[in-house]
Amino acid sequence: KLHACVQDTRVLYQNSPVLTIPGSATVPGLFTYQLLVQKEPGPLECNVSTIVEVVNSDPPTVVIEQKTNQGRSFAAHKKLRLQAVVTGVDKNAALEYSWSITSLDGKSIAFASKKDSQYVVIAGDSFTPGVSYGVRVTVNSTTGMGLAEATITPARPPFSGACSVLPASGMAIRDNFTLSCSGWTDDNPDDLFTYVTYAKHKNGRKTRLVSSTA
């Protein structure tokens with residue numbers, strides 16, 4: 001593989017996917033950086049680019065915080081609330097926010113709130129369990145632009161388990177039936193599971209028999 005990073009039309013570095021540019025080597029302005037990746041035979045080639053603004057002062061520092069089930073995976077059917085936490089600017093500074101979220105397969109997700117505020121909300125049932133999504137927010141101030149990116153993955157329902165009942169058939173009232181479940185886990189292995197047993201009638205109605213937590 002051949003890696004090359006290009007600033008506008010000048011090759012800065014080759015044969016490495018990582019490039020560090022010292023601050024002393026930059027000047028204020030807008031610069032386009034392009035990464036070229038080639039593979040032989042072919043050659044097969046792919047490139048990506050980004051625009052970097054260099055300013056005289058320090059831009060704001062931005063961190064994305066998940067306000068729903070903070071620090072944990074979240075359920076795909078529930079709404080998700082995110083916040084851009086900004087430091088390095090005056091508390092009274094006027095800030096402009098811009099959010100975007102995209103799944104790793106390129107599909108965009110709609111917001112249930114405005115995308116130009118410090119907080120955003122994504123509606124429930126917008127996500128697919130187990131699929132990762134990239135979240136990006138840019139914050140513009142008088143000192144420059146700050147950027148934060150994060151990857152979020154909605155939790156999958158419990159999986160890998162099985163349930164069995166013994167005996168498989170019997171007579172109501174007279175026979176005892178034992179329902180056993182084991183092997184269930186999810187993306188938060190420390191969570192407690194609630195097991196609920198129902199009896200389903202011929203007319204489709206279900207009657208709750210018992211529930212337990214383990």
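Residues numbered from 1 in each chain as written. Predicted model: local features only at pLDDT ≥ 70, side-chain atom pairs only at ≥ 80, totals over all residues. Heavy atoms only, no water.

Q: Looking at this model, I keep getting lost on the confidence of the model for the protein. Mind explaining?
A: Of all residues in the protein, 88% have pLDDT values of 70 or greater, and the mean over the chain is 81. No element of the protein has a lower mean pLDDT than strand β1 (residues 2-7), which averages 50, and none a higher one than strand β6 (residues 80-87), which averages 93. (pLDDT = per-residue confidence, 0-100. Helix = DSSP H or I, 4+ residues; strand = E, 2+ residues; numbered from the N terminus.)

Q: Any chance you could explain the pattern of salt bridges here in plain terms?
A: In the structure shown here, the tally under the stated rule is two salt bridges. For the salt bridge of Arg 136 with Glu 149, the shortest nitrogen-to-oxygen distance reads 2.8 Å. On the criterion of sequence distance, the pair formed by Arg 136 in strand β9 (residues 133-141) and Glu 149 in strand β10 (residues 144-152) is long-range, its members being 13 residues apart. Residue classification places Arg 136 among the partly exposed residues on the basis of a relative accessible area of 32%. For Arg 174, the salt bridge goes to Asp 175, with nearest N and O atoms at 3.0 Å. (Salt bridge = Lys/Arg side-chain N within 4 Å of Asp/Glu carboxyl O. Buried < 20%, exposed > 50% of the residue type's maximum accessible area, 1.4 Å probe, protein only.)

Q: How should the packing of aromatic side chains be read in this particular structure?
A: To describe a pair of aromatic rings, one takes the distance between the centres and the angle between the planes. With the rule as written, the count across this model stands at two aromatic pairs. Measuring from centroid to centroid gives 4.9 Å for Phe 127 and Tyr 133, while their planes differ by 80°, and the two rings are edge-to-face. Taking the relative accessible area as the measure of exposure, Phe 127 reaches 6% and is therefore buried. Centroid distance Phe 193 to Tyr 195: 6.5 Å. Interplanar angle 45°. Geometry classified as tilted. For Phe 193, a relative accessible area of 15% gives the class buried. (Phe/Tyr/Trp six-rings, centres within 6.5 Å; stacked < 30°, edge-to-face > 60°.)

Q: Looking at this model, I keep getting lost on the sheet that holds strand β8 (residues 119-122). Mind explaining?
A: Reading across from one edge, β5-β6-β8 is the order of the three strands in this open sheet, with antiparallel pairing throughout. Whereas interior strands pair on both sides, the edge strands pair on one side only; in this sheet they are β5 (61-66) and β8. Averaged over all pairs of adjacent strands, the angle between their axes in this sheet comes to 20°, without regard to strand direction. Across four bridges, β6 lies against β8 in antiparallel orientation. When the sheet's bridge partners are listed, Leu 82 is paired in β8 with Val 120. (Pairing = 2+ DSSP bridges. Axes fitted to C-alpha atoms, helices over the stretch in contact; angles between N-to-C directions.)

Q: I'm lost on the side chain of Asp 186 in this one. Help?
A: By the secondary structure assignment, Asp 186 is in the loop between β12 (178-182) and β13 (194-200). The class for Asp 186 is buried, based on a relative accessible area of 15%. In contact with Asp 186, not counting residues within four places along its chain, are Arg 156, Pro 158, Phe 159, Asp 191 and Phe 193. (Contact = heavy atoms within 4.5 Å.)

Q: Where do I start with the sheet that holds β10 in this structure?
A: Spatial strand order, β7-β9-β10: three strands in an open sheet with antiparallel pairing. Either end of the sheet is taken by a strand with one partner, and the two such strands are β7 (96-103) and β10. Between one strand axis and the next, the sheet turns by 15° as a mean value, whatever way the strands run. Here β7 pairs with β9 via eight bridges, running antiparallel. When the bridges of β9 are listed, Tyr 97 appears paired with Val 139.

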